[in-house]
Amino acid sequence: MKEYVFKVVVLGDGNVGKTSLVLQYTEKKFSSSYVMTIGSNFAVKILSLPERGLKIKFQLWDLAGQPHFQFIRPPFYRGALLAILVFDITNRKSYDNIQLWVRETKNNVGDIPMILAGNKNDLIDQRVIPKSEGEALAAELNSRYFETSAKTGENLDEMMMH
């Protein structure tokens, strides 16, 4: 069985649900209390695909999103093969800041594939970013767009298997 390791950085403003997405994807757990990430969090998810003769290990690096942590993030990008750019569909500013995260990613690791995730789609009644807007930004970034929920786990497996 062939084994592959992929380093994935999970990026976006503070309080968009990056840590919760990683926790839900790797451990099927959700906590509604907010705990700010200091520096980065690290998690691993191993997928076995025996029908394809593959074992895939995702190293997920959840980077602190607050601006005052900008100076400590660069080393955590090293070796990343994929960036997941997360915004909160109920928070316009988090969506508007995605371009800042794209620039920071390119400045640190060059042109790597990116996935755009509109998180918190379980809060549909509070939505301020229409799905069409997320899809348009993803097209502009030449990436895929997924609407996710860290609370329910919706679309996380699909996003990671993209």
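Rules used throughout
Every chain begins its residue count from 1, and numbering advances along the sequence as written. Whole-chain, interface and lining totals are the exception, using all residues; otherwise, since this is a predicted model, local features are given only for residues with pLDDT of at least 70 and side-chain atom pairs are given and counted only at 80 or more. The side-chain values count all of the structure's non-hydrogen atoms but skip hydrogen atoms and water molecules. Every definition here rests on a 1 Å grid over the protein atoms only: cavities are sets of points where a 1.4 Å probe fits but cannot get out, pockets are open sets enclosed by protein on both sides within 12 Å along at least five of seven lines, and lining residues have some atom within 4 Å of a point. Grid points are joined across faces, edges and corners, and a volume is the space filled by probe spheres set on the points. For the purposes of this entry, the term helix denotes a DSSP run of H or I that reaches at least four residues, the term strand denotes a run of E that reaches at least two, and both are numbered from the N terminus. Gly is placed with the polar residues, together with every amino acid not listed as nonpolar (Ala, Val, Leu, Ile, Met, Phe, Trp, Tyr, Cys and Pro) or charged (Asp, Glu, Lys and Arg). Under the scheme applied here, a residue whose accessible area is under 20% of the maximum for its type counts as buried, over 50% as exposed, and between as partly exposed, the area being computed with a 1.4 Å probe on protein chains only.

Draft legend 1. Here's a closer look at the layout of surface pockets. There is about 260 Å³ of room inside the second largest pocket. Along the walls of the second largest pocket sit 16 residues, with F6, F58, L82, M160 and H162 positioned nearest its centre. Mapped by element, the contributors of at least two residues to the lining of the second largest pocket are β1 (2–11), β3 (54–63) and α6 (156–160). Tallied by class, residues from the lining of the second largest pocket come to 13 nonpolar, one polar and two charged.

Draft legend 2. Quick look at unusual backbone geometry. Phi is positive for N15, which is not a glycine, with a value near 70°. Take N15: it is sitting in the loop between β1 and α1 (18–27). Take N15: its relative accessible area is 41%, and that puts it in the partly exposed class. The phi angle at N142 is positive, at roughly 55°, despite the residue not being glycine. Along the chain, N142 turns up in the loop between α5 (131–140) and β6 (144–147).

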